[in-house]
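# Overview (structure and organization)
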Amino acid sequence: MTTPPRDPAQDYVTWFRNSTPYINAHRGRTFVVMIAGEAIESGSIQHIVHDLALLNTLGVRLVLVHGARPQISARLTAQNIYTRFERHTRITDAAALAAALDAVGNIRLRIEGLFSMGLANSPMYNASLQVVSGNFVIAKPVGVRDGFDYQHTGEVRRVQVDAIRRQLDAGNLVLLSPIGCSPTGELFNMNSEEVASTAAIALKADKIIYLGTAPVLDANQQLVREITPQEAGQLLAKEVVQDADTERQLTAACHAASNGVARAHVLDFREDGALLRELFTRDGHGTMVTNESYETLRNAYIEDVGGILELIAPLEQAGVLVRRSRERLEAEIKRFTIAERDGMVVACAALYPLEDGRSGEVACFAVHPDYRGGGRGAKLLGHLEKRARAQGMRTLYVLSTQAMHWFQEQGFEPIDVDALPGERKSLYNYQRNSKVFAKPL
Ligand SMILES: CC(C)(COP(=O)(O)OP(=O)(O)OC[C@H]1O[C@@H](n2cnc3c(N)ncnc32)[C@H](O)[C@@H]1OP(=O)(O)O)[C@@H](O)C(=O)NCCC(=O)NCCS
C-alpha cells in the first residue's frame, strides 16, 4: 500500500488546533524577552519581531530587552579603542560610554522601526503595536571592585514597576535598553542579561526568555531541555558551557528562576521560529530553567476552567465524556484534580461524593492525547484515591464506555447498575449504557 501524500492544509489545521491550549495558557501573562545584539544584526530579526508582534496580538504582556555588545565593540574597534573586560563585564570609560550611547540609540530606533512595519505583504499588516521606551530602569555605579574602577559601568538599582505595568495594561510593548539613568542624572552602561532578569523578578513575570547566540549543551553536546537552577549551577561551575554569552544568559536565567520567575528559557535565535516553537509546541525547542517540577498534580481552581474545557471538548464531541457546560464546571471546580504542564492542563478528573457519604464517583477522567501512555492516568487516579480516602470514602465507582479495560487494570471490578448507591442508580443513563465499575479503597 502506498502512503497518501501529506496534505499541507490538514497539517496547518492540526497545528493550529494543537496550539490553542498554549494560546489560552499564555494570554494575559507577562514575558520578558531579551534579544542578543547579534540577533539584531542578523537576517532573523524581522521574523523575531513578527513573532513578538504575534505574541502581543495573542494577549501576552511583553517587555523586550535588547543587547548591544557587538554593536558597542564594533564602534570601539572602528576607533581603535580597547576596553578591558573583568568578570565578563566591560569597564566602561568615557569613550566606551559614548560608543554605548551611540549603539543603543541606534538599536532602539531600529527596533521601533521594525515594529512599525505594516506592509501589506507582511504578517504585521493591520497590527498596530506601540513600542514604548523610556527611563524605566534606574542604575547605580558598579564602583570599584578588586581594585578595578568600573567607571561608567552600572547595575540595576530599581525597576519602575508601576510605570511599566501601566504601559503593559494599555497593550503596549515596553522596550528596555542596557543604558540606565541614575538619580544624579548620570548614564550607565549595564549588562542586558541582568537588566532582563532584574526586570522579570521585579515585575513578577511569568517567563523570561533569552534569545541568545547558542544552544545550552551538556557534556555530551546534547541539548539541555529542562534543568533546575542547581543543576545549571553545576554545569556552569564545571565550565561545560563554553560560550561566554550563553554562560551569561544561563546565569541570569538561574537568577530569575531562583527568585520567583517560574520559567526561564534560553534559546538560540538562529533557529527559525525558536520563540514560537518554545512557546507553542509540546516540548519546546530550547532550554528551560525551572525550580518547579515541570508538571504538577493539584486541585483545580476557577482559573483552570478554560483549560479543562479545552481538554475535554474533543472527548465530549466524540461521546467519550458526558457534556458539561462551563457553568456546571465552574460550580463543580473544587471536585477537580488537574495535571498542569507549563500553564497548560494536560489531564483532569473529578471526584463526586455520593449520598451514602462513604463512596464517591470518578468522572470526567481525561489525559490529553499528546500525553497519554506516560503513567499520568494512573498517577491521577492515585491522587483521586488519596483525596477520597481523606474524605472517609470506602468505595470508588466509575462509569465508562471506552476505558473499561484501563479501569480494570487499575483495580476496578465490573458491577451491576443495581449495585450503585441509591440516588446514583436512579440517575443512570440507560441510553448511554456505560459499564459500571467499583474499587474498594
Ligand atoms: C484512559 C486514559 C485516561 C488513560 O490515560 P494514560 O495517561 O494514557 O494512562 P496510563 O499511562 O496510566 O496507562 C497507559 C496504558 O493504558 C492503556 N490504555 C489507554 N487507554 C485505554 C483504554 N481506553 N482501554 C484500555 N487500555 C487503555 C494504554 O495502552 C497503556 O497500556 P500499556 O502501558 O500496556 O501500553 C486516557 O487514555 C484517556 O484520557 N482516554 C480518553 C478519555 C476516557 O476514556 N476517559 C474515561 C472516561 S470515564
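Residues numbered from 1 in each chain as written. Predicted model: local features only at pLDDT ≥ 70, side-chain atom pairs only at ≥ 80, totals over all residues. Heavy atoms only, no water.

Helices and strands together make up the secondary structure of the chain, namely 15 helices and 23 strands. C-alpha extents for the chain along the principal axes are approximately 90 × 50 × 45 Å. Taken over 441 residues, the chain has a buried fraction of 48%. Relative to all contacts within the chain whose residues are 6 or more apart in sequence, the contacts with residues 24 or more apart total 70%. Accessible surface for the chain amounts to roughly 21,600 Å². Of this, 49% is attributable to carbon and sulfur atoms. When the 48 positive and 51 negative side-chain charges of the chain are each reduced to one mean point, those points stand 4 Å apart. (Helix = DSSP H or I, 4+ residues; strand = E, 2+ residues; numbered from the N terminus. Buried < 20%, exposed > 50% of the residue type's maximum accessible area, 1.4 Å probe, protein only. Contact = heavy atoms within 4.5 Å. Areas by Shrake-Rupley, 256 points an atom, 1.4 Å probe, with all protein chains shown as cover. Lys, Arg positive; Asp, Glu negative; His and termini not counted. Charge placed at Lys NZ, Arg CZ, Asp CG, Glu CD.)

Quick look at the packing of aromatic side chains now. Describing an aromatic ring pair means giving the distance of the ring centres and the angle of the ring planes. In the structure shown here, the tally under the stated rule is five aromatic pairs. When the centroid spacing of 5.1 Å and the interplanar angle of 85 degrees are considered together, the rings of W406 and F407 count as edge-to-face. Accessibility expressed as a relative area gives 27% for W406, which makes it partly exposed. Given the relative accessible area of 4%, F407 is considered buried. Centre to centre, the rings of Y428 and Y430 are 4.7 Å apart; their planes meet at 75 degrees, and the pair counts as edge-to-face. Look at Y428 and you get buried, because its relative accessible area is 6%. Residue Y430 is classed as exposed on the basis of its relative accessible area of 55%. (Phe/Tyr/Trp six-rings, centres within 6.5 Å; stacked < 30°, edge-to-face > 60°.)

Attention now goes to the UniProt feature "domain: N-acetyltransferase" (unreviewed entry) in the chain. On the UniProt side, "domain: N-acetyltransferase" (unreviewed entry) is annotated at positions that read residues 295-441 here. Taken end to end, residues 295-441 has its terminal C-alpha atoms 26 Å apart, with 31% of it in helix and 31% in strand. (UniProt positions renumbered as here; feature names shortened; annotations may be inferred.)

Relative to the 33 Å expected for 23 residues at 1.5 Å per residue, helix α5 (residues 94-116) spans 33 Å between its end C-alpha atoms, a close match to the ideal helical length. Residues of α5 that are buried include every one of A96, L97, A99, A100, A103, V104, I107, I111, L114 and F115, and no others. The N-cap of α5, judged by a side-chain oxygen 3.3 Å from the amide nitrogen of A95 a few residues on, is D93. (Expected span 1.5 Å × (residues − 1). Polar contact = N/O pair within 3.5 Å; in protein donor to acceptor, adjacent residues only side chain to side chain.)

Contact geometry of helix α4 (residues 69-78) with α5 gives a least axis separation of 9 Å together with a crossing angle of 130 degrees. With respect to α5, the axis of α4 lies oblique. Seen from above, α4 lies across α5 with right-handed handedness. In this structure, α4 contributes Q71, I72, R75 and L76 to the contact, and α5 contributes A95, A96, A99, A100, D102, A103, N106 and I107. Grouping the constituent residues of the contact of α4 with α5 by class yields eight nonpolar, two polar and two charged. (Axes fitted to C-alpha atoms, helices over the stretch in contact; angles between N-to-C directions. Parallel < 35°, antiparallel > 145°, perpendicular 65-115°, else oblique. Left-handed = near helix turned anticlockwise from the far one by under 90°. Nonpolar A, V, L, I, M, F, W, Y, C, P; charged D, E, K, R; others polar.)

Moving on: the domain arrangement of the chain. Taken domain by domain, the chain holds domain 1 (8-292) and domain 2 (296-440). Taken residue by residue, the interface counts nine residues in domain 1 and seven residues in domain 2. For the domain 1 and domain 2 pair, buried surface summed over both sides reaches about 890 Å², with 45% attributable to carbon and sulfur atoms. On the surface where domain 1 and domain 2 come into contact, there are zero salt bridges. For the interface between domain 1 and domain 2, the tally reads two residue pairs in polar contact (both at pLDDT 80 or more). Looking at the side of domain 1 that touches domain 2 element by element, the count peaks at five residues for helix α1 (residues 8-26). Of the residues in the side of domain 1 that touches domain 2, the class split is three nonpolar, two polar and four charged. (Domains from an automatic or database assignment. Buried area = accessible area lost by both parts, 1.4 Å probe. Salt bridge = Lys/Arg side-chain N within 4 Å of Asp/Glu carboxyl O.)

Right, let's talk about helix α6 (residues 161-169) for a bit. Every buried residue of α6 is accounted for by V161, I164 and L168. Buried residues of α6, viewed axially, fall in a sector of 70 degrees; they line one side. Facing away from the buried side of α6, by more than 90 degrees, are the exposed residues D162, R166 and D169. One or two steps after α6, the chain reaches G171, where phi turns positive at roughly 85 degrees. (Arc of directions from axis to C-beta.)

With that settled, the discussion passes to the sheet that holds strand β22 (residues 413-415). Taken together, the seven strands give an open sheet; going across it, the order is β17-β18-β19-β20-β21-β23-β22, and neighbouring strands pair in mixed fashion. If you trace the sheet from one side to the other, it starts and ends with β17 (295-299) and β22, each paired once. Direction aside, neighbouring strands of the sheet carry axes that sit 30 degrees apart on average. In this sheet, strand β20 (residues 359-367) lies alongside strand β19 (residues 344-353) in antiparallel orientation, the contact comprising six bridges. Bridge pairing in β20 places A347 opposite V367. (Pairing = 2+ DSSP bridges.)

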